[in-house]
Structures are given as structure tokens and as C-alpha cells.
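Inside the fold
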Amino acid sequence: MSVKITMIGTGYVGLVTGACFAEIGHQVICVDKDAKKIEKLHQGVMPIYEPGLDELVMRNVKNGRLTFSTDVQASTKGRDAIFLCVGTPPHPETGAADLKYVYAAVEEVASGLDGFAVIVTKSTVPVGTNRRVFEIASKHANSKDFVAVASNPEFLREGAAITDFMEPDRVVVGVENDRASMLMRAIYEPIVTASIPFLQTSIESAEVIKYAANGFLAIKLSFINEVSDLCEAVGANVSDVAKGIGLDKRIGLPFLHVGPGWGGSCFPKDSMALYKTAQDFGVTMRLIESAIVANDERKLCMADRIKQYCGGSLQGKRIAVLGLTFKGQTDDMRESPSLVIIPQLQREGATVCAFDPSYPEGIDEMLPGVSVSKTPEDFCTNADALVIMTDWREFRSYDYKHFAESMKNKLAIDLRNLLDEKSMIAAGFEAYHRLGE
Ligand code: UGA
């Protein structure tokens with residue numbers, strides 16, 4: 001069954017999910033108030049970097065299943081499901097998710113409804129939001145009978161979003177209205193299989209699932225990062241330890257790769273929101289609080305580690321940073337560890353040069369004083385140290401011999417354990433340091 005779907009907000013989640021819904025056979029309108037963005041999408045220019053997205057969008061525009069609009073109300077009439085995919089940025093002072101865009105969208109959507117539709121929240125929202133969405137929608141719709149809500153958290157990872165959509169571990173839908181439940185099942189029917197369950201829960205449970213999933217993964221990462229420090233202190237190897245514990249199915253191998261700290265638009269925001277929500281309900285969540293603190297400290301420890309490897313002082317040193325984004329395969333700089341580590345290196349007296357394959361937009365303003373090269377070839381000339389900050393896959397095949405030849409000191413510090421000692425020494429580096437070994 002082909003469902004008529006409208007996506008409100010064509011940011012990362014809205015655009016990727018909308019294009020994927022079209023790909024699995026639904027009729028999709030992606031709406032955004034930003035006329036320039038919509039104009040560009042009409043021209044086939046993607047507002048974000050996501051592998052495979054442009055082909056997917058183009059294909060579905062061509063076959064007529066995917067269209068774009070700036071008009072919210074016109075795009076909600078006669079539709080079966082309206083997905084809210086607007087931003088929920090953390091409040092600058094409290095850190096709590098700011099819901100003004102969600103509620104504004106609901107008012108506008110509801111007042112345009114001319115028949116039954118499910119308003120589905122995809123944006124990550126704190127517990128209780130979907131009940132509020134229902135109240136607002138019921139107030140603004142012409143008839144209460146037109147409105148049902150569903151909470152449908154997304155688990156897409158940037159850089160792997162299309163595969164994550166097509167082959168998720170599960171589909172979670174919090175819905176308590178039978179007609180809405182049937183519709184949500186119809187929407188996901190093309191991807192649900194025996195091994196990809198459709199998990200229907202209460203609305204509150206779905207809301208908690210999203211935060212608890214990201215919170216749990218953040219704790220897992222902070223844990224392995226701390227284990228990595230222990231490994232280093234006692235002479236163990238964190239990769240072996242991660243494998244040794246991860247092969248226990250109860251723990252699992254994914255998300256045990258050490259790094260300079262977790263970042264991105266989700267983990268930092270969601271773990272803080274989880275902590276705050278718990279506090280609001282009088283519940284103490286010490287683990288998530290500690291994971292956040294450990295992660296903040298980790299980034300500064302990374303800067304200190306670089307200083308120690310450079311002989312205890314960064315005064316007058318030139319540090320070449322490979323990779324700036326919060327992880328590889330994305331141009332996203334939000335909460336990237338580089339935004340904390342690099343300024344700390346500068347405060348300690350270093351000059352920093354850098355290269356990132358995505359050349360993130362606005363990078364000069366985000367990292368003032370850093371000279372960011374557009375190509376990797378000569379970016380580390382005369383550097384005192386090469387720091388691998390992000391796990392871009394292509395870094396594995398770079399010409400490190402050429403890098404070493406151009407550097408003043410042949411020192412490499414790998415904060416992602418991406419390369420290996422033997423080949424770095426063979427490439428001409430005199431010292432190559434990894435985490436947790
Ligand atoms: C994360 C979740 O993985 C998605 O399931 C979720 O849908 C998404 O947030 C969201 O809430 O929208 P994403 O932010 O794209 O996805 O990034 P991840 O791949 O999860 O990585 C997050 C951070 O953890 C990055 O800084 C990454 O470098 C770091 N990381 C990840 C590690 O340091 N080690 C690992 O083993 C995995």
C-alpha cells in the first residue's frame with residue numbers, strides 16, 4: 001500500500017527519511033520553510049553530505065514519488081501521515097531540548113488538516129512531548145477525529161543513514177490509536193521482516209527508547225575510552241580487550257572503538273537531555289552524568305597527550321590535524337572533539353594546520369587561526385606532529401611517506417587507532433602513538 005506522507009523539515013532526518021520512504025514506494029512531499037534549500041533540492045543540490053543520498057533523491061524525483069515544497073498547509077491536505085522532523089536544539093543555558101519548532105509545526109500542520117492524519121514525531125523529543133503534540137493538534141484541527149499521534153524515533157547514523165533506514169535493527173513506534181497503528185505498519189511494511197521487528201509501544205516508552213539508546217551507547221563509549229586509559233597504564237591492548245569483551249553477545253562488538261571523545265548532533269544533546277529529563281522527574285541517573293563528564297574531560301586529556309608527545313610544551317610547535325568532523329564520512333562539525341582539542345592546542349602556544357576531506361562549511365569561523373587545506377598533499381609541511389583526529393576511511397590509503405618527508409618532526413599521534421605502527425614506521429615516522437596500547 002502506497003501511503004501519502006509529508007515530511008516537515010528537510011534537515012538530515014527529514015530528507016533522508018523522506019527519500020527512503022519514496023524509495024520503498026510511498027508518495028512523499030518534503031517541506032521546508034527555507035526557500036533556498038527547496039530551490040536547491042529542485043535543482044538536485046543536496047543541503048547535506050550523505051553517501052548515496054543524491055542518487056536516491058534524483059531517482060525518486062524522476063519517478064514522481066518525491067516532491068518538495070515550502071508550503072506547510074498545502075502539503076498537509078489530504079495526506080495520511082505528517083512526519084515532524086524539525087530541529088530540537090539544546091537550550092543554551094539549561095541544555096534541555098528546545099521544542100519551539102516542534103510545537104509551531106504542529107499548530108500549522110493541524111490547522112491545515114482536512115481529514116484523518118497521523119502526526120508522527122521523528123525529531124528527538126523529551127518524554128511527554130507527544131501528549132502535548134496531541135493536545136496542540138486537537139486544539140488547532142477542525143475536528144478532533146482528524147488527529148492521532150505517533151512517536152517514531154530514528155536510529156540513523158550519519159554516513160550510513162540509507163542502509164540504516166533500509167536495514168534497521170528494529171522499527172519503534174509509540175502509538176495508541178488503532179487506525180494510526182495500522183497506518184504506521186503499512187508505512188514500514190516494505191522493510192519489516194522476521195529479523196527486523198516492528199515494535200509497537202506506548203508513546204512514553206518510544207520516547208524513552210530513543211534517549212536510552214543514545215545514552216546507553218554514549219556510556220558504552222565513555223566506558224571503553226576509560227578502559228583504554230587503563231590498558232595504557234597496565235600495558236594491555238585496548239583493541240584486544242574490546243574484542244575480548246565484545247565477543248560476549250551480551251556486550252556486543254559495535255561501539256567499542258576508542259576515540260578522542262564522542263560528538264555529533266545527537267549523543268551530546270541526547271545524553272544531556274536524558275539526564276535533565278530524569279532530574280525533572282526526580283530520578284537520579286548517575287551513569288549518564290558520569291559519561292558526559294568523562295567525555296568532556298577526555299577531549300582536554302587528548303590535547304594534553306599531544307603536548308606530552310611533543311616534549312611537554314607546545315610553544316612554537318606546528319601541529320597538523322588530519323580530520324576535523326565529529327566522525328568520518330560526514331561534513332558535520334557539531335560537537336566535534338576537534339572544536340575542543342584544537343583551541344586547547346592553540347592556547348598552549350601551538351599553530352595548527354588541518355585537512356578534512358569534506359572541507360566543512362564555515363570551518364574558518366569555527367576554528368579561527370587554523371589554516372585548513374583543501375587538499376591533503378602538502379598540508380603537514382614543516383609540522384612537528386601529525387594528529388589523526390577523525391576516522392575517515394580514506395585516511396588508510398594516504399601517502400604517509402610523503403607526509404613524513406615533508407614534516408619537521410616525524411611524529412604521528414593516532415587518536416582513532418586507524419593506522420598501524422609497522423607501516424607508519426616504514427613510511428618514515430620515527431614515532432607513532434595509538435590509544436590504549
Ligand atoms: C547516533 C546513533 O548512532 C544513531 O543510532 C542515532 O540515530 C543518531 O545518533 C541520532 O540520534 O540521530 P551519529 O550521531 O550519526 O548517530 O553518530 P555515531 O556513528 O553514533 O557516532 C557518534 C560519536 O561516537 C562519534 O563522535 C563517533 O566518532 C563516536 N564513536 C562511535 C566512537 O568513538 N567509537 C565507536 O565505536 C563508535
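This text follows the structure it describes.
None of these values were measured; they are calculated from a predicted model.

Concerning the nonpolar core
The biggest cluster of nonpolar side chains holds 45 residues, and the ones touching the most others in it are Phe21, Phe83, Met184, Ile187 and Tyr188. When neighbours within four sequence positions are excluded, Tyr188 is seen to be in contact with Phe21, Phe83, Lys122, Asn152, Phe165, Val171 and Phe198. Cys231, Cys310, Ala385 and Leu411 belong to the second-largest nonpolar core, a separate cluster that totals 33 residues.

What about a negative patch on the surface?
Where like charges cluster on the molecular surface, the negative patch consists of Glu226, Asp296, Glu297 and Glu335. By the secondary structure assignment, Glu335 is in the loop between strand S9 (318-322) and helix H13 (338-347).

Some remarks on the side chain of Asn417
In this fold, Asn417 is placed in the loop between strand S13 (411-414) and helix H16 (421-426). Looking at Asn417, the relative accessible area reads 6%, which means it is buried. Reaching out from Asn417, the side chain makes a polar contact with the backbone nitrogen of Leu435 at a distance of 2.7 Å. In contact with Asn417, not counting residues within four places along its chain, are Val238, Ser239, His257, Val258, Arg434, Leu435 and Glu437.

Section: the site of the ligand
Contacts to the ligand come from 19 residues, most closely from Leu156, Glu158, Lys210, Asn214 and Cys266. Within the backbone of Phe155, one N or O atom sits 2.8 Å away from an oxygen atom of the ligand. One of the backbone nitrogen or oxygen atoms of Leu156 is found 2.7 Å away from an oxygen atom of the ligand. Contact with the protein chains hides 91% of the accessible area of the ligand, taken as 720 Å² for the molecule alone. In terms of residue count, the dominant contributor to the shell around the ligand is helix H9 (residues 203-234) (three residues).

Some thoughts on the pairing of strand S7 (residues 171-175)
Across the five residues of S7, five count as buried, placing the element largely inside the fold. Both faces of S7 are covered, namely the face carrying Val171, Val173 and Val175 and the face carrying Val172 and Gly174. Relative to S7, strand S6 (residues 147-151) runs antiparallel, the two being bridged by two bridges. Across the sheet, residue Ala150 finds its bridge partner in S7, namely Val175. Here S7 pairs with strand S8 (residues 198-201) via four bridges, running parallel. What sits directly across from Val173, in S8, is Gln200. Crossover connection from S7 via helix H8 (residues 178-188) to parallel S8: handedness right-handed.

Regarding the packing of aromatic side chains
Scanning the entire structure with this criterion turns up 13 aromatic pairs. Relative to Phe165, the ring of Phe21 has its centre 5.4 Å away and its plane inclined at 85°; by these criteria the two rings are edge-to-face. Of this pair, Phe21 sits in helix H1 (residues 12-23) while Phe165 sits in helix H7 (residues 161-166); the two residues are 144 residues apart in sequence, bridging distant segments of the chain. Using a relative accessible area of 0% as the deciding quantity, one classes Phe21 as buried. Taking the centre distance of 6.2 Å and the plane angle of 80° together, the rings of Tyr398 and Phe403 count as edge-to-face.

Thoughts on the side chain of Lys299
By the element assignment, Lys299 lies in helix H12 (residues 286-309). Asp296 is the oppositely charged side chain nearest to the buried, salt-bridge-free Lys299, at an N-O distance of 4.0 Å. In this structure, Lys299 is in contact with Pro260, Pro337, Val340 and Ile341, ignoring residues within four places of it in sequence.

Notes on the sheet that holds strand S2 (residues 27-31)
Read from one edge to the other, the open sheet built from eight strands follows the order S3-S2-S1-S4-S5-S6-S7-S8, with strand pairing classed as mixed. Strands at the two margins of the open sheet, each flanked by one partner only, are strand S3 (66-69) and S8. Strand-to-strand twist of the sheet, defined as the mean angle between neighbouring strand axes without regard to direction, takes the value 25°. Here strand S1 (residues 4-8) runs beside strand S4 (residues 81-84); their pairing, made up of four bridges, is parallel. Pairing of Ile5 across the sheet is with Ala81, part of S4. Those strands touched by helix H2 (residues 35-42) are S2 and S3, and its axis lies near 150° from that of S3. Docked against the sheet, helix H5 (residues 100-112) engages S1, S4 and strand S5 (117-121), running at close to 160° with respect to S4.

Quick notes on unusual backbone geometry
You will see that Phe255, though not glycine, has its phi angle at about 65°, which is positive. Relative to the helices and strands, Phe255 is located in the loop between helix H10 (238-246) and helix H11 (267-280). The class of Phe255 is partly exposed, set by a relative accessible area of 29%. For Gln329, which is not glycine, the phi dihedral falls at a positive 65°. Here Gln329 is to be found in the loop between S9 and H13.

Thresholds applied
Residues numbered from 1 in each chain as written. Predicted model: local features only at pLDDT ≥ 70, side-chain atom pairs only at ≥ 80, totals over all residues. Heavy atoms only, no water. Core = buried A, V, L, I, M, F, W, Y, C linked by side-chain atoms within 4.5 Å. Buried < 20%, exposed > 50% of the residue type's maximum accessible area, 1.4 Å probe, protein only. Contact = heavy atoms within 4.5 Å. Patch = residues over 30% accessible without salt bridge, like charges linked within 9 Å, V, L, I, M, F, W, Y side chains within 5 Å. Areas by Shrake-Rupley, 256 points an atom, 1.4 Å probe, with all protein chains shown as cover. Salt bridge = Lys/Arg side-chain N within 4 Å of Asp/Glu carboxyl O. Lys, Arg positive; Asp, Glu negative; His and termini not counted. Charge placed at Lys NZ, Arg CZ, Asp CG, Glu CD. Helix = DSSP H or I, 4+ residues; strand = E, 2+ residues; numbered from the N terminus. Polar contact = N/O pair within 3.5 Å; in protein donor to acceptor, adjacent residues only side chain to side chain. Near = heavy atom within 4 Å. Pairing = 2+ DSSP bridges. Right-handed = clockwise from strand over helix to strand, strands pointing away. Phe/Tyr/Trp six-rings, centres within 6.5 Å; stacked < 30°, edge-to-face > 60°. Axes fitted to C-alpha atoms, helices over the stretch in contact; angles between N-to-C directions.

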